[in-house]
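# Reading the structure
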Amino acid sequence: MVKAQKTKTKHKKLEPFDILMIVIASFAALIIIFPLYYVVSLSFSSYTQYIKSSGFVLIPNPISLDGYKQFLTNQAVPRAFLVTIFITVVGTLLNFLFTVTLAYPLSRRELPFRKFLAIYTFLPMIFSGGLIPTFYVVKRLGLMNTVWAMIIPILITTYNLTITRSFFQSIDDAYIEVGRIEGMNEVQILFHVIVPLAKPVIATIILMYGVMHWNTYYHALYYVRSSNLQPLQVVLKGILMKAQSTLEETSLEVTASTQAMKQAAVVITALPVVLVYPFLQKYFTKGMLIGGIKG
Amino acid sequence: MKDLVERKRIKSHQIQLLLLAVPGILFFAAFSYFPMYGILIAFKNFQIKKGILKSPWADPWYKYFKQFFENPYCKQLLTNTVVISVGKIVFNMFFSLSLAIVLSELKVKWLKKSVQTITYLPHFLSWVIVYGIIYALFSESSGLINVALRSAGKPTIPFLTSDGSFRMLLYFSDVWKEAGWGAIIYLAAIAGIDPGLYEAAAVDGASRWQRIWRVTLPSIRPTIIVMLILKLGTVMNAGFDQIYILYNSQVYASSDIIDTWVYRIGLEQLNYSLATAVGLFKSVISTILVLSVNKIARKWEESLW
């Protein structure tokens, strides 16, 4: 009864202004959704429908998986998946280890040279040596043309280090003291006390790093020449580009046969990010605001 | 005696903490500090086989800087970089702020939540994915818009290959991808406004529009100004990620920026010294901007609290 009344008053309160806000917000959502929908729709379109409607496929009918088959049987694709999955799993694990082992000491007041180390880790945010000097380091370390070139140069990002450190700082000293009194060493305290207490921020950085690796493109562009080590995003770009150069001057038939495949490639590559996104969303607002205040 | 044991224990934990930080310290040494030393490449006739120390010095030491500034293309690169950056800042802030205000005024909670979920999503998609989407919509041969134009018997528009429309496409795709994400910070600021202010405004008979103009916007002005200032600090970064993936040689005139040029000169044409010099020039300007901009932002915040 009370509930019914409440909704009633709520409805009463909807003024023209509210309607306008609803319209604008829905329009904003539509602007985001429509392109995504169109890409998915194209990816399921069949050759005949594409020809018949001269490329204007808003609802695929019948639903065809040809585009997906064509993409997944592309010679370079399985290998690119392996590379990207390797980078994402191993890279994220290393990111986690390097970030927490640095964030924890930095968060402790008793760390020797703390002030110096705080500046040391902050300075790179303000000034960087640039593309070529970094490239030279990667080359000198023998990382060129290895998967490690896409992992090691980005082991720690300053943003994730900052939010992790500020979260660790907010943890009550008492927990650490108890650990020390029980005879734990600092490694044990970090992994058995701090990390479990900092789950929200750990989840945030793991998801952030994971998405970063899944989307990796530039480090492959800079440091990896051999074609069998190219990650998914690079292969995808290649597929889209190749199709483009032939497409711009050829007929609808050629367009039709590659269009569904290209968009299937886009959908499959985007899918993992879209799937982890709900988990990511749970944490990032908070994480971003911590970072925003500190940075 | 007990004190001594206690002190020893603390000391041991301090050493452990320091040891724990070693991998991270080494990481920064290798990928942030060694590259700073590598800046020497800009002042040498660098040959990769000889290394930094053994490569001969450039003569004069500013040879590569001179080469860049005397290049007629230099002015265009700088203009493109600044124009594209400022354009993106303006468009993005406008749409982020508007979205945040609209969301905060929404009374239907489930709608607010869903619109937030939807508009934040593109931030996590890669630029290659966005390129695929843009291609499906805007390509001249098979993009949705041009297919529609063609079937209506109208001339097609080369969005991706003409200078004017390509820049608009850069702004538009950046707004599409990042405006929702950018709204988060303004939403947080709006959430922090004292509800009493709105009640007082309502008592005074202010309409909803007036409340936005008189209460919401003035209350979050500090956030808006600080965000604007901070963004101006990164004006030399027009977005290599986006532009490198979206552009092509037909639109270099309007959208080749310092970073894309440095990449082509350095890693495609292997002119390491010139690319390092231009990169250094950019880094120095960026650093000066960031530092002065932070100082201004801090002054602003201080004068407010």
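Residues numbered from 1 in each chain as written. Chains lettered and ligands numbered in written order. Predicted model: local features only at pLDDT ≥ 70, side-chain atom pairs only at ≥ 80, totals over all residues. Heavy atoms only, no water.

### Quick notes on the packing of aromatic side chains
Short version of the rule: Each Phe, Tyr or Trp ring, with Trp reduced to its six-membered ring, pairs with another whose centre is within 6.5 Å; inter-plane angles below 30 degrees give stacked pairs, above 60 give edge-to-face pairs, and intermediate values give tilted ones. Classification of residues uses two cut-offs on accessible area relative to the type maximum, computed with a 1.4 Å probe and protein chains only: under 20% is buried, over 50% is exposed, and between them is partly exposed. Working rule: Lys NZ or Arg CZ, within 6 Å of ring centre, within 35 degrees of ring normal, means a charge sits over the ring.
Taken as a whole and judged by the stated rule, the model has 40 aromatic pairs over all chains. Taking the centre distance of 5.7 Å and the plane angle of 65° together, the rings of Tyr222(A) and Tyr223(A) count as edge-to-face. Tyr223(A) carries the same exposure label as Tyr222(A), and that label is buried. A cation sits over an aromatic face here: Lys237(A) above Tyr131(B), 5.3 Å from the ring centre.

### Focus on the nonpolar core
The criterion, for reference: To qualify as a nonpolar core, a set must consist of buried Ala, Val, Leu, Ile, Met, Phe, Trp, Tyr and Cys residues joined through side-chain atoms within 4.5 Å. To qualify as a helix, a DSSP run of H or I must reach at least 4 residues; to qualify as a strand, a run of E must reach at least 2; elements of each kind are numbered from the N terminus. Here a residue-residue contact requires only that any non-hydrogen atoms of the pair lie within 4.5 Å.
If you look at the biggest cluster of nonpolar residues, it comprises 178 residues, and the most contacted ones within it are Tyr104(A), Phe168(A) and Tyr222(A). No other element matches the twelve residues that helix H8 (residues 163-191) of chain B contributes to this core. Setting aside anything within four residues of it in sequence, one finds Phe168(A) in contact with Val100(A), Ala103(A), Tyr104(A), Ser107(A), Leu190(A), Ile194(A), Ala198(A) and Ile202(A).

### Overview of the interface of chain A and chain B
To be explicit about the condition: Computed with a 1.4 Å rolling probe, the buried area is the accessible surface lost when two parts are put together, summed over both parts. By convention in these notes, a salt bridge is any Lys or Arg side-chain nitrogen within 4 Å of a carboxyl oxygen on Asp or Glu.
With 104 residues of chain A in contact, the opposing surface of chain B contributes 87 residues. Approximately 8600 Å² of surface area, both sides summed, lies buried where chain A meets chain B, with 77% of it carried by carbon and sulfur atoms. On the surface where chain A and chain B come into contact, there are four salt bridges. Across the pair Arg208(B) and Asp18(A) runs a salt bridge, and its minimum N-O distance is 2.8 Å.

### A few points about the packing of helix H10 (residues 186-197) of chain A against helix H11 (residues 199-214) of chain A
Residues and elements named next belong to chain A. What counts, and what does not: Only the stretch in contact is used when a helix axis is fitted, and all axes are lines through C-alpha atoms; the angle between N-to-C directions ranges over 0 to 180 degrees. By the definition adopted for this analysis, an angle is roughly parallel if under 35 degrees, roughly antiparallel if over 145, roughly perpendicular if from 65 to 115, and oblique otherwise. The classification used treats Ala, Val, Leu, Ile, Met, Phe, Trp, Tyr, Cys and Pro as nonpolar, Asp, Glu, Lys and Arg as charged, and all other residues, Gly among them, as polar.
Relative to each other, H10 and H11 sit at 85°, their axes nearing to 5 Å. When the axis of H10 is compared with that of H11, the two are roughly perpendicular. Between H10, through Val195, Pro196 and Leu197, and H11, the contact on the second element is made entirely by Lys199, Pro200 and Ile202. Of the residues contributing to the contact of H10 with H11, the split by class is five nonpolar, no polar and one charged.

### Structural notes on a nonpolar patch on the surface
What counts is decided by this rule: Each patch is built from residues that are more than 30% exposed by relative accessible area and take part in no salt bridge. Like charges join if they lie within 9 Å; nonpolar side chains (Val, Leu, Ile, Met, Phe, Trp, Tyr) join within 5 Å. In short, Shrake-Rupley with a 1.4 Å probe defines the accessible areas, and a residue's cover is counted only from the protein chains shown.
Together, Phe27(A), Leu30(A), Ile31(A), Ile33(A), Phe34(A), Tyr37(A), Phe56(A), Leu58(A), Ile59(A) and Phe172(B) line one region of the surface with nonpolar side chains, adding up to about 910 Å² of accessible area. The element contributing the most residues to the nonpolar patch is helix H2 (residues 16-43) of chain A, with six residues. Within the secondary structure, Phe27(A) sits in helix H2. Exposure remark for Phe27(A): the relative accessible area of 51% places this residue in the exposed category.

### Some details on unusual backbone geometry
The omega torsion across Asp59(B) and Pro60(B) is -10°, close enough to zero to call that bond cis. Along the polypeptide, Pro60(B) turns up in the loop between helix H2 (51-54) and helix H3 (63-70). Notably, Phe113(A) is not glycine yet its phi reads approximately 55°, a positive angle. Within the fold, Phe113(A) resides in the loop between helix H5 (76-107) and helix H6 (114-126). We classify Phe113(A) as exposed; its relative accessible area is 59%. A positive phi angle is found at Leu270(B), which is not glycine, with a value near 60°. The topology assignment puts Leu270(B) in the loop between helix H13 (258-268) and helix H14 (272-304).

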